[in-house]
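Residues per chain, in single letters:
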Amino acid sequence: EVQLVESGGGLVQPGSPLKLSCAASGFTFSSNWLNWIRQAPGKGLEWVASINPDGSSTYYPDTVKGRFVVSKDNAKNTGYLQMNNLRSEDTAMYYCARTGSSDFDYWGQGVMVTVSS
Amino acid sequence: DVVLTQTPPTLLATIGQSVSISCRSSQSLLHSNGNTYLNWLLQRTGQSPQPLIYLVSKLESGVPNRFSGSGSGTDFTLTIDPVEADDTATYYCQQSWNDPLTFGSGTKLEIK
């Protein structure tokens, strides 16, 4: 069974860093793209980052480019989202999702990130 | 950026009814490889999103055939026929024709 479990969320002050993890199981992690999508409270979905299977290529929207870094450790079956210089508008539930049959065919349960002073 | 406009924003349906949700793209989602990169997802309250349909009309594994997707170019439709009580959710269209990947604003389906 495919499972994705996020961790590392919490309350941080503006300007602080935070690193999220996404532990994967039930599939060959090294064969799939990994993505991060966020959802601000009461709002819609926003794509945040993607990384290719071997971790050599990464993609971001302009809203986080230069502040967020996505990575994956295929030996540990874990993906990461390093978030730097966090802003209040980064407050959201963060989901990791696998690319398989579709862009986001399996999702984790999400982890909450709150940026507030 | 590709903008996806979903209508209606909310939908009230009765069990057994057929409902349709529209997703209009600001650009054609037809790729030069012949694929059209438009997907549909649903999100129940308090849960993670889950995939429904990919490449316009292909059902994800386990999705009942009450759900169907259609369309081409810039105009797409998700149809649920017949609606069941468990279909209460917010439905999103999503494109991966071009970066950044974008989502529609969602359509909240409520069952009477």
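J.: For this particular structure, what's the right way to read the pattern of salt bridges?
T.: Counted under the stated rule, the structure contains 10 salt bridges over all chains. Between Asp90 of chain A and Arg38 of chain A there is a salt bridge, with the nearest N and O atoms lying 2.8 Å from each other. Of this pair, Asp90 of chain A sits in the loop between strand E8 (78-83) and strand E9 (92-98) while Arg38 of chain A sits in strand E4 (residues 34-39), placing them 52 residues apart in sequence. Here Asp90 of chain A and Arg38 of chain A have matching classes, each one buried. When the shortest N-O distance is used, the salt bridge between Arg24 of chain B and Asp75 of chain B registers 2.5 Å.

J.: Whenever I open this one, the interface of chain A and chain B confuses me. Can you help?
T.: Often, the extent of an interface is quoted as the loss of accessible area on bringing the components together. Residue-level contacts link 20 residues of chain A with 17 residues of chain B. Among the residues of chain A in contact with chain B, Leu45, Trp47 and Asp103 of chain A are the three that bury the most area, contributing 39% of the side total. The interface formed by chain A and chain B includes zero salt bridges. Going through the elements one at a time, E4 and strand E5 (45-51) of chain A are the ones with two or more residues in the side of chain A that touches chain B. Here the side of chain A that touches chain B takes four residues from E5 of chain A, the largest share from any one element. Residue classes in the side of chain A that touches chain B are distributed as eight nonpolar, eight polar and four charged.

J.: Help me out: how do you make sense of empty space enclosed by the protein in this one?
T.: Where empty space is left can be seen by rolling a probe of water-molecule size over the atoms. Residues and elements named next belong to chain B. Going through the model one piece at a time under the given rule, you end up with one cavity of 30 Å³ or more. Of the voids in this model, the largest cavity is the one considered here, and its volume is about 40 Å³. Mapped onto the lining of the largest cavity, the elements with two or more residues apiece are strand E4 (38-43) and strand E5 (50-54). Broken down by class, the residue content of the lining of the largest cavity amounts to six nonpolar, three polar and two charged.

Conventions we followed
- Residues numbered from 1 in each chain as written.
- Chains lettered and ligands numbered in written order.
- Predicted model: local features only at pLDDT ≥ 70, side-chain atom pairs only at ≥ 80, totals over all residues.
- Heavy atoms only, no water.
- Salt bridge = Lys/Arg side-chain N within 4 Å of Asp/Glu carboxyl O.
- Helix = DSSP H or I, 4+ residues; strand = E, 2+ residues; numbered from the N terminus.
- Buried < 20%, exposed > 50% of the residue type's maximum accessible area, 1.4 Å probe, protein only.
- Contact = heavy atoms within 4.5 Å.
- Buried area = accessible area lost by both parts, 1.4 Å probe.
- Nonpolar A, V, L, I, M, F, W, Y, C, P; charged D, E, K, R; others polar.
- 1 Å grid on protein atoms, 1.4 Å probe; cavity = no way out; pocket = protein on both sides within 12 Å on 5 of 7 lines; lining within 4 Å.
- Points joined across faces, edges and corners; volume = space filled by probe spheres on them.

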